[in-house]
Amino acid sequence: MNFLSACNEMADLVQENIKPFVGSPAGGEIIRMGADHTPTEKIDQIAEECVINYIREHELCSVLLSEEAGKLSIDGGKGTIFLDPVDGTYNAVNGIPFYALSLAWATNGVVQKAFVRDLASGETFTAIRGKSARCNKKSIHVSPTVRLDKCAMSIYGRKFDPTRMMQLGHKIRRWRLLGASALELCYVGAGRIDGFVDLRGTLRVTDAAAGMLICTEAGGSVTDINGNSLIFPEEVTVGRCIIATNGILHHKVIEYLR
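Residues numbered from 1 in each chain as written. Predicted model: local features only at pLDDT ≥ 70, side-chain atom pairs only at ≥ 80, totals over all residues. Heavy atoms only, no water.

## Let's talk about the pattern of salt bridges
Counted under the stated rule, the structure contains seven salt bridges. As a salt-bridge pair, Lys 19 and Glu 16 come within 3.4 Å of each other at their nearest N and O atoms. Between Asp 198 and Arg 200 there is a salt bridge; the shortest N-O distance is 2.6 Å. Taking the relative accessible area as the measure of exposure, Asp 198 reaches 0% and is therefore buried. Overall, Arg 200 belongs to the partly exposed group, its relative accessible area being 28%. Salt bridges sharing common partners tie together Glu 67, Arg 204 and Asp 207. (Salt bridge = Lys/Arg side-chain N within 4 Å of Asp/Glu carboxyl O. Buried < 20%, exposed > 50% of the residue type's maximum accessible area, 1.4 Å probe, protein only.)

As structure tokens, then:
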């Protein structure tokens, strides 16, 4: 089965099954500690089970790496899938309409296809390596913004300590904290914001793999805080910092973060 078509079916299943738990305290019930060493909430578990069952049934990969379940072997398939069943769990549980299903398919450690569904609005972002990025099947591109004092960025600091990024924070026009990194990377790709900066060191491959491909295929740049290629290990306990921009602003952002 075509990966992106399968992702649409999985997203439909997730949307339907988590609906009773969106904006509900029941969705935030702690079920267990996830493989990423953070609590798995009820809404995460329901979404993940929908996707895992579908992937097993359709043999979509040989390895599945998920934020909650960790690394799983899948019989019959090829490649690796990186899954975040609900990116932005806090938003979902509290009824804030900004949370997503994120899926990326990789071969030999390189992400080839990406899918992010906004589970609140139904908006869908996709990318195929070397073939551009799309939102609801229409091509997207990063913003043309060239000046920091005209840009809008989503910026995170660990425990909301802004010390390292105050120089950048004083330069940009708008500072946003939206709460779902996969969607924020897609928003950079779609030109809705000019950058996404996360200095917490907690972003995992399951959070970022799909959004990174969508952003770069839309013309953006994604690196570590020193401007080098961002490389994630294939496990969910190791986090990274990330700088994603429209490309034009990239070196300026890194300069102000040093």
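Let us keep going from here.
## Let's talk about the packing of aromatic side chains
As enumerated under the stated definition, the model contains three aromatic pairs in all. Both rings, one in Phe 98 and one in Tyr 187, keep their centres 5.3 Å apart while their planes meet at 90 degrees; by these two values the pair is edge-to-face. With Phe 98 in the loop between α3 (89-93) and β6 (100-107) and Tyr 187 in helix α5 (residues 181-189), this residue pair connects regions lying 89 residues apart in the sequence. Each of the two residues, Phe 98 as well as Tyr 187, counts as buried. Between the aromatic rings of Phe 125 and Tyr 187, the centroid separation amounts to 6.4 Å while the plane-to-plane angle is 50 degrees, which identifies the pairing as tilted. With a gap of 62 residues between them, Phe 125 in strand β8 (residues 124-128) and Tyr 187 in helix α5 connect regions that are remote in the sequence. (Phe/Tyr/Trp six-rings, centres within 6.5 Å; stacked < 30°, edge-to-face > 60°. Helix = DSSP H or I, 4+ residues; strand = E, 2+ residues; numbered from the N terminus.)

## Some words on the sheet that holds strand β12 (residues 174-176)
Hydrogen bonds between backbone atoms are what pair the strands of a sheet, whose relative direction is either parallel or antiparallel. Strands sit in the order β12-β11-β13-β15-β14 across an open sheet of five strands; the sheet is mixed. Edge positions in the sheet fall to β12 and β14 (221-223), since each has one partner strand and no second. Neighbouring strand axes in the sheet, compared pairwise and without regard to direction, differ in orientation by 20 degrees on average. As defined by bridge partners, strand β11 (residues 152-156) adjoins strand β13 (residues 195-203) across four bridges and the pair is classed as parallel. Note on β13: the bridge partner recorded for Ile 155 is Val 197. In the packing of helix α6 (residues 205-217) onto the sheet, contacts are made with β13, β14 and β15 (240-245), and the angle to β13 comes to roughly 160 degrees. (Pairing = 2+ DSSP bridges. Axes fitted to C-alpha atoms, helices over the stretch in contact; angles between N-to-C directions. Contact = heavy atoms within 4.5 Å.)

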